[in-house]
Amino acid sequence: MDSNTLYYSLDLVSGSGLTLSSEQKAALQTSLVILKRNNKFNRVLFWGKILGIKGDYFIAQGVSEDEMTDKKSLYSFNCVDWHLLPPATEAMLAEVSAAAKGRFVGDPSHEYEHTEIRRQGEGDEAVEEEIMIKVKEEKRLASTVHTIDKEVSVVPRGAFIKSPHGLVQTNCSFEGLSSLEAGKLSYFLHFTEPQKLKKKSILEMANLNPSIDFLDPLSEDIPKGSWSLQFERGSTVCVIRSLLWLGLISFHVPMTPQHGYIYMGDGLKNLDLPFML
Amino acid sequence: MSEGALNNQREHTAICFKAFMLKNSTKSNLNLYDHLSRLLTKVMDERPENVVDIIEDMSREVKQELLQDKQSTLRDMPLATAAQLLAEQQRLLFSRRGGDDGEQEEELVETPLPNVSELGFFLEQAGVGLGREEMLRVFLALKQLVDSQPLVRCRLWGKILGTEGNYLVAECEYREGEEEEEGNEETVEDEERDGEPRDDDEEADVVEVIDTLPRSTFKPPPVVPKEENRTGVNKFTYFVCREPGLPWVKLPTVTPTQITAARHIRKFFTGRLDAPIISYPPFPGNEANYLRAQIARISAGTQVSPLGFYQFAEEEGEEEEEGARDSFEENSDFEGIPVPEMAESLSTWVHHVQHILQQGRCVWVNLADKPEDDFEEEADEEEKEEEPDEPDPEVGPPLLTPLSEDAETTNTPPWSSKMSSTLIPQFAIAVLRSNLWPGAYTYASGKKFENIYIGWGLKFAGEGYIPTVPTMPQREYPSGPEITESLDPSLEEEQALKATLEEQRAAQEETEGLGEDEEEEEEEDV
């Protein structure tokens, strides 16, 4: 969520129990301004926090020209000193998913170790080789943030537009969904490169507005029911919780452009979801 | 061409084009000329930044505004939205009941109402909470509960999130003797016990049929008796409500079977108390029972207090020989433990809720013992024949055991502790977070401490949940020679058999029918 409206928006998503203490909020309001200036970001988002056993990571994201792709993630322990996270690459994601298990520790230099047995050669000449993979928690953090963004970042339909040049920018004339629309998952979109859109038939594409509907809607997610949409605060705020990544909360106040998402949780994907519905 | 003529021609073209623009659309009955003039008026009025970039949107807005006026001739029927209904309900929370001003002073002294504002204040420092306004609404809702029920103790237990709605949970204790027994509990138990008599009926019917079906040799394991109200897992009564202002619903008491079943399943709450729990192994009861079972498990696992806040009552120590004392009292001499120490070491915290045994009870009960209750007598006698040896009693850790003795699961320490503030440590509070039950928090500051749970009501699964595999289906019938299919004989075997049969017959003929006509026999043979 935008750092400028953090104070207001945090209150809206606190229904899940986690929030920030006044000390942290005050620190964020100071440090994010400096962060924005030093890194020449257009906008700074407070992304959330990941709970570790010994310490919690606070994550912020800086946005440059393109709202969707030009993002840099930073982490901090005290909400004041920020450190840049390495960009997540395919190789890093594979490494992390193989080695990192269990809860986050809360120490970026903590090393997860994983031994893998690889076979080389064929038939009887196969040589088993043990390969030790070491992954630092910093890398795990970067890939977790990247994966969460990729899988469950949520924006209401129309909040962002894709210009003819391919740039994704905030839609100035977005006035919010109506309360009827806000009750439907199809009006909320994944804020990431669309996966399913390309596979749609021409008939389905006919009704889509190319500048707005350039993202995948949540309603097409598998399994069905991986989102919990509720109205809170006396039905004035639409709150969407991801059941796949417990801790991701997105809010939208109908009829206003207010929207945002935040992740506050232990950074573990809920792989048991199919059993739990 | 003269200038006048040129002007004239230009004017003519302009007029032609204006006429074209004034042409009404057959669909919307609008024309471009009016639309453009409206649009430009709007631009002149509003003078937005970088108009050219947003002109399309403005044009669309102008059209929308036009349509809105004459959209419908039907009269508006204001629908009572959910927001309005809830607001009506919540308004009652804010109304102060008149007339009882005189009694109020008395109430202020002995009310069991907890100080939720204080709780909210401390929790916010710990980075936990529902937001200030919401906390106040919860406070008022608890007040409503305390006013309507005869309670001696009431506490905000926490909040459980569901997929469609959430539950606010209050932990209460009734005044002595005021607890009404509800019929609800009986039905659940009846269902559990009904299993056996029903089987008997079926068997009786089956006997009449000639082809007797095989009987099930399955004997249900004995039902572990429920713990009484005010003891063990049923020590407190729990009330839940979906939103502050909506009525509080009392949860049924929990049975050991429900607790053991809840340990094997992993389900999200839906937010509807009457929702069925579809799971394997099957859960006895609906979501209200599941909720109550999870509350009992979470309470047992995560309710902790600073060391020394509670102490065992002195006179009771002599009576109980087993050492599993279940009652304690507040230690009036407790001075509080320094916050840095509490944040450092887990041995300064103790559990003050009894551990739930494998059996699903806090106090172990010997099922092999013959209970006085004649209802279960038969079942128990049968069972005695089978397993005459006494099972070893299960013993859990005693009450007020320090947290430092909690077991680790999958390399995750069960608790994380920290101080709420690093900048102003003098006034910070100690915060404890459970890693086993994500969402359980405890704070302590001086003599004050409180536990709260806000989460999905699910235990940390570690490596991943492995669902229980369904048991093997029972064999339908005992396999024996009379139902085993034999192999078809080969041609040689058949011919061999035929040959022996003929030989036999020939031998018979020789012995029996010496005097009879051969022709007749031939006919018979055919």
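Scroll up to find the structure.
Residues numbered from 1 in each chain as written. Chains lettered and ligands numbered in written order. Predicted model: local features only at pLDDT ≥ 70, side-chain atom pairs only at ≥ 80, totals over all residues. Heavy atoms only, no water.

Topic: the side chain of T270(B)
Note that T270(B) resides in the loop between α9 (256-264) and α10 (287-302). T270(B) has contacts with G162(B), T163(B), E164(B), G165(B), A275(B) and E287(B), leaving out every residue within four places of it along the chain. (Helix = DSSP H or I, 4+ residues; strand = E, 2+ residues; numbered from the N terminus. Contact = heavy atoms within 4.5 Å.)

Some remarks on the sheet that holds strand β2 (residues 167-174) of chain B
Residues and elements named next belong to chain B. Here eight strands make up an open sheet; going across it, the order is β4-β3-β2-β1-β12-β11-β10-β9 and the pairing mixed. With one partner strand each, in any of the chains shown, β4 (249-250) and β9 (415-419) form the two edges of the open sheet. Summarising the sheet, β9 and strand β10 (residues 430-434) pair through five bridges and their orientation is antiparallel. Among the inter-strand pairings, K418 is bridged to a residue of β10, identified as V431. Its contacts with the sheet place helix α7 (residues 132-148) against β1 (151-160), β2 and β3 (237-241), and it is angled at close to 145° to β1. Contacting β1, β2, β3, β9, β10, β11 (440-445) and β12 (448-455), α10 runs over the sheet at an angle of about 100° to β1. (Pairing = 2+ DSSP bridges. Axes fitted to C-alpha atoms, helices over the stretch in contact; angles between N-to-C directions.)

Comments concerning helix α4 (residues 137-152) of chain A
Along its 16 residues, α4(A) runs 22 Å from first to last C-alpha, staying within 8% of the 22 Å computed at 1.5 Å per residue. Buried within α4(A) we find E137(A), R140(A), L141(A), A142(A), S143(A), T144(A), V145(A), I148(A), D149(A) and V152(A). (Expected span 1.5 Å × (residues − 1). Buried < 20%, exposed > 50% of the residue type's maximum accessible area, 1.4 Å probe, protein only.)

Some remarks on the sheet that holds strand β11 (residues 227-232) of chain A
Residues and elements named next belong to chain A. Pairing is mixed in the open sheet, where eight strands are placed in the order β4-β3-β2-β1-β14-β13-β12-β11. Each end of this open sheet is capped by a strand with a single partner; those strands are β4 (83-84) and β11. For strand β13 (residues 248-252) and strand β14 (residues 259-265), the ladder comprises five bridges, and the chain directions are antiparallel. Bridge assignment links I249 to a residue of β14, and that residue is I262. Helix α1 (residues 6-13) contacts β1 (43-51), β12 (237-242), β13 and β14 of the sheet and is inclined by roughly 110° relative to β13. With respect to the sheet, helix α2 (residues 22-39) is in contact with β1, β2 (56-63) and β3 (71-76), its orientation differing from that of β1 by roughly 135°.

Overview of the pattern of salt bridges
Side chains that carry opposite charge are capable of pairing whenever their charged atoms lie near each other. The tally for this structure, following the rule as stated, stands at 23 salt bridges over all chains. The partner of E113(A) in a salt bridge is K134(A), and the shortest N-O contact between them spans 4.0 Å. Here K134(A) lies in strand β6 (residues 127-136) and E113(A) lies in strand β5 (residues 111-120), a separation of 21 residues in the sequence. The partly exposed category is assigned to K134(A), whose relative accessible area is 45%. A salt bridge links D272(A) to R266(B), with the shortest nitrogen-to-oxygen separation between them at 2.9 Å. With D272(A) in the loop between β14 and α6 (273-276) and R266(B) in the loop between α9 and α10, this residue pair bridges two chains. Judged by its relative accessible area of 6%, D272(A) is buried. Put simply, K42(B), E46(B), E61(B) and E65(B) are held in one network by salt bridges that share partners. (Salt bridge = Lys/Arg side-chain N within 4 Å of Asp/Glu carboxyl O.)

Details of the packing of helix α3 (residues 90-99) of chain A against α4(A)
All names here are of chain A. Remark: α3 packs on α4, axes separated minimally by 9 Å, with the N-to-C direction vectors making an angle of 110°. The pairing of α3 with α4 is recorded here as roughly perpendicular in orientation. Along its contact with α3, which presents M92, L93, E95 and V96, the element α4 presents K139, R140, A142, S143, H146 and T147. By residue class, the composition of the contact of α3 with α4 is four nonpolar, three polar and three charged. (Parallel < 35°, antiparallel > 145°, perpendicular 65-115°, else oblique. Nonpolar A, V, L, I, M, F, W, Y, C, P; charged D, E, K, R; others polar.)

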